[in-house]
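# Residue-level structural notes
Take a look at the letters that make up each chain.
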Amino acid sequence: SKYSVIFYDMFSKKMNEGYWQESFFEHFLEHWTEKNCVLSTYAATGSLNRALANSEFIKIDKAGFNGKRQSTLAYRGE
């Protein structure tokens, strides 16, 4: 099955570096998500933003949580 809603919480890049690499995000978004999909995460990283843009997601600017400046909310589709 492919996912249409993703709440991405993989701890920090220091703990799980592979899950925060641009190549991982691009593979995941290409092979595991529906055409219409929403992704939300506490993180706001360059690799995530590039992968979302390359996968035709539209990012919505969102304030962060617990002192973080930004978080990520993005969607693809209608």
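Look above for the structure.
To start, this report covers the structure provided alongside it.

Counting 14 residues, the largest nonpolar core has Ile6, Phe25, Leu29, Leu52 and Phe57 as the members making the most contacts within it. For this core, the secondary-structure elements that each account for two or more residues are strand E1 (3-8), helix H1 (22-32), strand E2 (33-41) and helix H2 (46-54). The contact partners of Ile6, leaving out residues within four places of it in the chain, are Phe28, Thr33, Cys37, Val38, Leu39 and Ser40.

The strands making up a sheet are joined through hydrogen bonds of the backbone, oriented either antiparallel or parallel. Across the sheet, which stays open at both edges, the four strands sit in the order E1-E2-E4-E3 with mixed pairing between neighbours. The open sheet has two edge strands, E1 and strand E3 (58-63), and neither has a second partner. The sheet shows a mean angle of 20° between the axes of neighbouring strands, taken without regard to direction. Across five bridges, E2 lies against strand E4 (residues 70-76) in antiparallel orientation. Residue pairing for E4: Ser40 is matched across the bridge by Leu73.

Moving on, we get to the environment of Ser47. Along the chain, the position of Ser47 falls in helix H2. Exposure remark for Ser47: the relative accessible area of 12% places this residue in the buried category. C-alpha of Ser47 to C-alpha of Phe25: the two residues are 22 residues apart in sequence and 8.0 Å apart in space. Contact partners of Ser47, with chain neighbours within four places excluded, come to Trp20, Gln21, Glu22 and Phe25. Of the polar contacts made by the side chain of Ser47, one reaches the side chain of Thr45; its length is 3.4 Å.

The rules we used
Residues numbered from 1 in each chain as written. Predicted model: local features only at pLDDT ≥ 70, side-chain atom pairs only at ≥ 80, totals over all residues. Heavy atoms only, no water. Core = buried A, V, L, I, M, F, W, Y, C linked by side-chain atoms within 4.5 Å. Buried < 20%, exposed > 50% of the residue type's maximum accessible area, 1.4 Å probe, protein only. Helix = DSSP H or I, 4+ residues; strand = E, 2+ residues; numbered from the N terminus. Contact = heavy atoms within 4.5 Å. Pairing = 2+ DSSP bridges. Axes fitted to C-alpha atoms, helices over the stretch in contact; angles between N-to-C directions. Polar contact = N/O pair within 3.5 Å; in protein donor to acceptor, adjacent residues only side chain to side chain.

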